[in-house]
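Next come the chains, spelled out residue by residue.
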Amino acid sequence: MLKLGKLADYATVLITALAARPQQLSNAHELADRTHVPLPTVSKLLKLLNKAGLVEAQRGASGGYRLARAPEAVTVADVIRAVEGPIAITECSTHGTGCGIQSTCASKNNWRLIDTAIRHALESVTLAQMAAPMTRRMLEAPVKFISQAARI
(Lines give C-alpha, C1' and ligand atoms only; values in the text may rest on other atoms or scores of the structure.)
Protein backbone atom coordinates (compact mmCIF):
# COMPACT_ATOMS: atom_id res chain seq x y z
CA MET A 1 0.00 0.00 0.00
CA LEU A 2 1.25 3.44 -0.88
CA LYS A 3 0.32 6.07 1.67
CA LEU A 4 1.56 9.21 3.33
CA GLY A 5 3.02 9.08 6.79
CA LYS A 6 0.77 10.16 9.63
CA LEU A 7 2.77 13.37 10.22
CA ALA A 8 2.42 14.43 6.59
CA ASP A 9 -1.29 13.70 6.74
CA TYR A 10 -1.69 15.72 9.96
CA ALA A 11 0.45 18.54 8.54
CA THR A 12 -1.90 18.78 5.56
CA VAL A 13 -4.92 18.92 7.88
CA LEU A 14 -3.25 21.56 10.04
CA ILE A 15 -2.07 23.83 7.25
CA THR A 16 -5.42 23.51 5.44
CA ALA A 17 -7.06 24.85 8.60
CA LEU A 18 -4.67 27.81 8.48
CA ALA A 19 -5.40 28.30 4.78
CA ALA A 20 -9.13 28.54 5.51
CA ARG A 21 -8.35 31.69 7.55
CA PRO A 22 -5.10 32.94 6.00
CA GLN A 23 -4.90 36.31 7.75
CA GLN A 24 -5.90 35.08 11.21
CA LEU A 25 -3.32 34.12 13.80
CA SER A 26 -4.02 30.78 15.45
CA ASN A 27 -2.12 29.31 18.37
CA ALA A 28 -1.31 25.63 18.79
CA HIS A 29 -4.15 25.04 21.26
CA GLU A 30 -6.74 26.55 18.89
CA LEU A 31 -5.41 24.52 15.98
CA ALA A 32 -5.47 21.32 18.02
CA ASP A 33 -9.08 21.99 19.00
CA ARG A 34 -10.11 22.90 15.46
CA THR A 35 -8.38 19.98 13.73
CA HIS A 36 -8.56 17.31 16.45
CA VAL A 37 -4.83 16.69 15.99
CA PRO A 38 -3.13 16.11 19.37
CA LEU A 39 -1.47 19.24 20.78
CA PRO A 40 2.08 17.79 20.95
CA THR A 41 1.80 16.81 17.28
CA VAL A 42 0.46 20.26 16.33
CA SER A 43 3.41 21.89 18.11
CA LYS A 44 5.91 19.62 16.38
CA LEU A 45 4.35 20.20 12.96
CA LEU A 46 4.18 23.97 13.39
CA LYS A 47 7.93 23.99 14.07
CA LEU A 48 8.60 21.93 10.93
CA LEU A 49 6.28 24.08 8.79
CA ASN A 50 7.85 27.24 10.19
CA LYS A 51 11.37 25.96 9.48
CA ALA A 52 10.30 25.21 5.89
CA GLY A 53 8.96 28.77 5.50
CA LEU A 54 5.34 27.69 5.04
CA VAL A 55 4.02 29.29 8.23
CA GLU A 56 5.20 32.25 10.22
CA ALA A 57 5.10 32.66 13.97
CA GLN A 58 4.24 35.79 15.90
CA ARG A 59 5.28 35.81 19.54
CA GLY A 60 3.41 37.39 22.39
CA ALA A 61 0.15 37.12 24.29
CA SER A 62 -1.89 37.54 21.11
CA GLY A 63 0.59 35.65 18.95
CA GLY A 64 0.18 32.53 16.93
CA TYR A 65 0.80 31.08 13.49
CA ARG A 66 -0.44 31.91 10.01
CA LEU A 67 0.54 31.04 6.48
CA ALA A 68 3.75 32.69 5.32
CA ARG A 69 2.46 32.88 1.74
CA ALA A 70 -0.93 33.09 0.06
CA PRO A 71 -2.82 29.76 0.04
CA GLU A 72 -2.61 29.79 -3.77
CA ALA A 73 1.19 29.81 -3.53
CA VAL A 74 1.58 26.73 -1.33
CA THR A 75 1.05 23.22 -2.66
CA VAL A 76 0.41 19.90 -1.00
CA ALA A 77 3.85 18.87 -2.27
CA ASP A 78 5.41 21.75 -0.29
CA VAL A 79 3.76 20.47 2.89
CA ILE A 80 4.84 16.87 2.33
CA ARG A 81 8.42 17.93 1.58
CA ALA A 82 8.50 20.02 4.78
CA VAL A 83 7.58 16.98 6.87
CA GLU A 84 8.94 13.96 5.00
CA GLY A 85 11.61 15.30 2.67
CA PRO A 86 11.78 14.55 -1.05
CA ILE A 87 8.73 12.97 -2.65
CA ALA A 88 9.68 9.56 -4.03
CA ILE A 89 8.32 6.05 -4.10
CA THR A 90 11.66 4.28 -4.33
CA GLU A 91 15.10 5.05 -2.91
CA CYS A 92 16.72 5.22 -6.35
CA SER A 93 14.27 7.89 -7.46
CA THR A 94 15.80 10.54 -5.24
CA HIS A 95 19.22 9.46 -4.09
CA GLY A 96 20.30 6.91 -6.67
CA THR A 97 21.85 4.75 -3.96
CA GLY A 98 20.81 2.21 -1.40
CA CYS A 99 19.78 -0.53 -3.80
CA GLY A 100 21.82 -3.64 -4.46
CA ILE A 101 20.48 -4.12 -8.00
CA GLN A 102 20.59 -0.51 -9.16
CA SER A 103 23.17 -1.08 -11.91
CA THR A 104 21.05 -3.78 -13.58
CA CYS A 105 17.55 -2.57 -12.69
CA ALA A 106 15.20 -2.35 -15.67
CA SER A 107 12.49 -0.61 -13.62
CA LYS A 108 14.51 2.36 -12.37
CA ASN A 109 13.52 4.74 -15.18
CA ASN A 110 9.87 3.72 -14.93
CA TRP A 111 9.85 4.42 -11.20
CA ARG A 112 11.31 7.84 -11.90
CA LEU A 113 8.48 8.44 -14.39
CA ILE A 114 5.91 7.42 -11.77
CA ASP A 115 7.58 9.58 -9.13
CA THR A 116 7.46 12.56 -11.48
CA ALA A 117 3.75 12.01 -12.16
CA ILE A 118 2.96 11.81 -8.44
CA ARG A 119 5.09 14.86 -7.67
CA HIS A 120 3.35 16.87 -10.43
CA ALA A 121 -0.07 15.81 -9.12
CA LEU A 122 0.81 16.95 -5.58
CA GLU A 123 2.31 20.18 -6.92
CA SER A 124 -0.90 20.94 -8.82
CA VAL A 125 -3.08 21.08 -5.69
CA THR A 126 -2.83 24.28 -3.66
CA LEU A 127 -3.87 25.01 -0.11
CA ALA A 128 -6.50 27.37 -1.52
CA GLN A 129 -8.07 24.37 -3.26
CA MET A 130 -7.76 22.20 -0.17
CA ALA A 131 -9.40 24.86 2.02
CA ALA A 132 -12.12 25.90 -0.46
CA PRO A 133 -14.75 23.35 0.56
CA MET A 134 -14.19 24.10 4.25
CA THR A 135 -14.36 27.87 3.67
CA ARG A 136 -17.53 27.61 1.57
CA ARG A 137 -19.29 25.49 4.19
CA MET A 138 -18.26 27.86 6.97
CA LEU A 139 -19.50 30.92 5.06
CA GLU A 140 -22.79 29.29 4.04
CA ALA A 141 -23.78 27.96 7.44
CA PRO A 142 -21.19 28.40 10.20
CA VAL A 143 -23.38 26.97 12.96
CA LYS A 144 -24.37 23.95 10.86
CA PHE A 145 -20.72 23.40 9.88
CA ILE A 146 -19.54 23.51 13.50
CA SER A 147 -22.22 21.07 14.65
CA GLN A 148 -21.39 18.69 11.77
CA ALA A 149 -17.68 18.90 12.55
CA ALA A 150 -18.35 18.10 16.19
CA ARG A 151 -20.04 14.84 15.16
CA ILE A 152 -17.05 13.72 13.07
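Please read these numbers as outputs of a predicted model, since none were measured by experiment. (Residues numbered from 1 in each chain as written. Predicted model: local features only at pLDDT ≥ 70, side-chain atom pairs only at ≥ 80, totals over all residues. Heavy atoms only, no water.)

Peer 1: Would you mind going over the nonpolar core in detail, with residue names and values included?
Peer 2: With 26 residues, the main nonpolar core has Ile15, Val42, Leu46, Leu49 and Val79 as its most contacted residues. Contributing elements (two or more residues each) for this core: α1 (6–20), α2 (28–35), α3 (39–51), β2 (64–67), α4 (76–84) and α7 (127–140). The greatest single-element share of this core, amounting to eight residues, is contributed by α1. Excluding residues that lie within four positions of it along the chain, leucine 49 makes contacts with Ala11, Leu14, Ile15, Leu54, Val55, Val79 and Ala82. (Core = buried A, V, L, I, M, F, W, Y, C linked by side-chain atoms within 4.5 Å. Buried < 20%, exposed > 50% of the residue type's maximum accessible area, 1.4 Å probe, protein only. Helix = DSSP H or I, 4+ residues; strand = E, 2+ residues; numbered from the N terminus. Contact = heavy atoms within 4.5 Å.)

Peer 1: Residues and numbers for the packing of α1 against α2, please.
Peer 2: A pair of packed helices can be characterised by two numbers: the angle between their axes and the separation between those axes. The interhelical angle for the contact between α1 and α2, taken along N-to-C directions, is 105°, at an axis separation of 10 Å. Taken together, α1 and α2 sit at an angle that is classed as roughly perpendicular. Residues Val13, Leu14, Ala17 and Leu18 of α1 form the contact with α2, whose own contacting residues are Leu31, Arg34 and Thr35. (Axes fitted to C-alpha atoms, helices over the stretch in contact; angles between N-to-C directions. Parallel < 35°, antiparallel > 145°, perpendicular 65-115°, else oblique.)

Peer 1: Any details on the pairing of strand β1 (residues 55–58)? Residues and values, ideally.
Peer 2: Summarising the sheet, β1 and β2 pair through four bridges and their orientation is antiparallel. The partner of valine 55 across the bridge, within β2, is leucine 67. Counting the residues that bridge the hairpin from β1 to β2 gives five residues, and of these glycine 60 lies at a positive phi of roughly 115°. (Pairing = 2+ DSSP bridges.)

Peer 1: Hey, could you go over the confidence of the model for the protein chain for me, with residue numbers and the actual values?
Peer 2: Across the protein chain, the average pLDDT comes to 84, with 82% of residues at 70 or higher. The secondary structure element of the protein chain with the lowest average pLDDT is helix α8 (residues 142–151), at 48, and the one with the highest is α3, at 97. For residues 145–152, every residue scores under 50 in pLDDT, and the model assigns this stretch four contacts once sequence neighbours within four places are set aside. (pLDDT = per-residue confidence, 0-100.)

Peer 1: A description of α1 should follow, citing residues and the corresponding values.
Peer 2: Under the 1.5 Å per step criterion, the end-to-end length of α1 is 21 Å for 15 residues, consistent within 8% with the ideal 21 Å. For α1, the complete set of buried residues consists of Ala8, Ala11, Thr12, Leu14, Ile15, Thr16, Ala17, Leu18, Ala19 and Ala20. (Expected span 1.5 Å × (residues − 1).)

Peer 1: Requested: an account of the packing of α1 against α4, with residues and values cited.
Peer 2: Close contact between α1 and α4 brings their axes to 9 Å; oriented N to C, the two are set at 135°. Regarding the angle of α1 to α4, the classification is oblique. Here α1 runs over α4; the crossing is right-handed. Between α1, through Leu7, Ala8, Ala11, Thr12 and Ile15, and α4, the contact on the second element is made entirely by Val79, Val83 and Glu84. Split into classes, the residues belonging to the contact of α1 with α4 amount to six nonpolar, one polar and one charged. (Left-handed = near helix turned anticlockwise from the far one by under 90°. Nonpolar A, V, L, I, M, F, W, Y, C, P; charged D, E, K, R; others polar.)

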